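Given next are the chains, with one letter for each unit.
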Amino acid sequence: MRYLDFDALEHMNARAFQQRHPYPWANPAGLLTDEGFAALRGSLPGAERFEQVFGKPRRYGQQPHDRLALEYSPELELSPHWQAFMQELTGSHYRQFMARMLGVRAFDLRFHWHYTPAGCLVSPHCDAREKLGSHIFYFNTEEDWQPEWGGQTLILDDGGRFDNKSAPAFEDFDNATESHAMGNCSLLFSRRGNSWHGVRELRCPPEYYRKVFIVVINERRPLKKLSRTFKRLFRPAA
């Protein structure tokens, strides 16, 4: 089975993406095959495996991004479908796609799942400088989610007014464009100084989650990575 639709990736227009206002973004449907999407959705990791991230302080006075989070590592136990999908994401087709869309050659990929319950939000923010972009795969469908519950990522336009080291509210922005966040859709965006985005407070019933899988595209910093590895290897035993 194939999970990524390589033809759909190939047909993504990099120039149109780069010229999008207020910063590069695209919200395509069908970058996963229908069969692949169904298989991945049906074998998502269980919420009991996730770390609870609630009340974690953020810089610049921004509200916490409360959620359940699971970070990918090669040692993580996953279904055969997710294992195969990870091989595709780390393979040449997807890396070539990302290099073409973002206009970069050297980068590292990181992966995680976020499940978000009722009452939580992602306050407006710009990503950290080491991020080149993010690719969010949405995994809610009409079987477990209603559009009026929220969950759409908002592309926020500040008209160049806000310092990215600040904490504006959703209503402070000139314009907010909602992504389509149901079914086999994804959102790719490139980090810029004004790449404000967020998710309004979820209004789903208890025990329901907004479910996304995120590919983070990071700038390759070999010296910083070596430093982190060194610190981890020589950290004193507890």
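Above: the structure in question.
What comes next is a walk through the structure.

Calculation rules
Residues numbered from 1 in each chain as written. Predicted model: local features only at pLDDT ≥ 70, side-chain atom pairs only at ≥ 80, totals over all residues. Heavy atoms only, no water. Helix = DSSP H or I, 4+ residues; strand = E, 2+ residues; numbered from the N terminus. Rg over C-alpha atoms; globule rule 2.2 N^0.38 Å. Buried < 20%, exposed > 50% of the residue type's maximum accessible area, 1.4 Å probe, protein only. Contact = heavy atoms within 4.5 Å. Lys, Arg positive; Asp, Glu negative; His and termini not counted. Charge placed at Lys NZ, Arg CZ, Asp CG, Glu CD. Patch = residues over 30% accessible without salt bridge, like charges linked within 9 Å, V, L, I, M, F, W, Y side chains within 5 Å. Areas by Shrake-Rupley, 256 points an atom, 1.4 Å probe, with all protein chains shown as cover. Salt bridge = Lys/Arg side-chain N within 4 Å of Asp/Glu carboxyl O. Pairing = 2+ DSSP bridges. Axes fitted to C-alpha atoms, helices over the stretch in contact; angles between N-to-C directions. Phe/Tyr/Trp six-rings, centres within 6.5 Å; stacked < 30°, edge-to-face > 60°.

1. Some points on the overall build of the chain
Looking only at helices and strands, one finds six helices and 11 strands in the chain. In summary, the chain has a C-alpha radius of gyration of 18 Å against a globular reference of 18 Å for 238 residues, a match within 12%. Each principal axis of the C-alpha atoms in the chain carries an extent, and together these give about 45 × 45 × 40 Å. By the burial criterion, 48% of the 238 residues in the chain qualify as buried. A sequence separation of at least 24 residues applies to 84% of the contacts in the chain between residues at least 6 apart. Where the 31 positive side-chain charges of the chain centre and where its 29 negative ones centre are 10 Å apart.

2. Concerning a positive patch on the surface
Where like charges cluster on the molecular surface, the positive patch consists of K56, R58, R59, R129 and K165. One can find R58 in the loop between β2 (51-53) and β3 (67-71).

3. A short note on the sheet that holds β2
The strand order β1-β9-β6-β11-β4-β3-β2 describes an open sheet built from seven strands, whose pairing is antiparallel. A single partner strand is all that each edge strand has here, and the edge strands are β1 (25-26) and β2. Sheet analysis places β3 next to strand β4 (residues 107-116), joined by four bridges and oriented antiparallel. Across the sheet, residue E71 finds its bridge partner in β4, namely H112. Across the sheet, helix α4 (residues 80-89) lies against β4, β6 (131-138) and β11 (210-219), angled at about 30° from β11, the strand it touches most.

4. Comments concerning the pairing of β6
Among the eight residues that make up β6, eight are buried, leaving the element largely enclosed by the rest of the structure. Sheet topology places β6 next to β11; seven bridges connect them, and they run antiparallel. Bridging across to β11, G133 finds its partner in I217. Two strands pair when backbone bridges link them, and β6 and strand β9 (residues 186-190) are joined in this way by five bridges, in the antiparallel orientation. If you follow S134 over to β9, its bridge partner there is F189.

5. So, the packing of aromatic side chains
Given two aromatic rings, one states the distance between the centres and the angle between the planes to describe the pair. One pass over the structure, following the stated rule, counts 21 aromatic pairs. Ring geometry for Y23 against F189: centres 6.4 Å apart, planes inclined by 70°, an arrangement best described as edge-to-face. Here Y23 is found in the loop between α2 (14-18) and β1, whereas its partner F189 is found in strand β9, with 166 residues between them in sequence. The exposure classification of Y23 matches that of F189, with both residues buried. Taking the centre distance of 5.6 Å and the plane angle of 55° together, the rings of W82 and F139 count as tilted. Of the two residues, W82 is situated in helix α4 and F139 in the loop between β6 and β7 (154-157); the sequence distance between them amounts to 57 residues. Here F139 falls in the buried class, since its relative accessible area comes to 0%. In this structure an aromatic cluster arises from ring pairing among Y3, F37, Y72, W82, F85, F111, W113, F137, F139 and F213.

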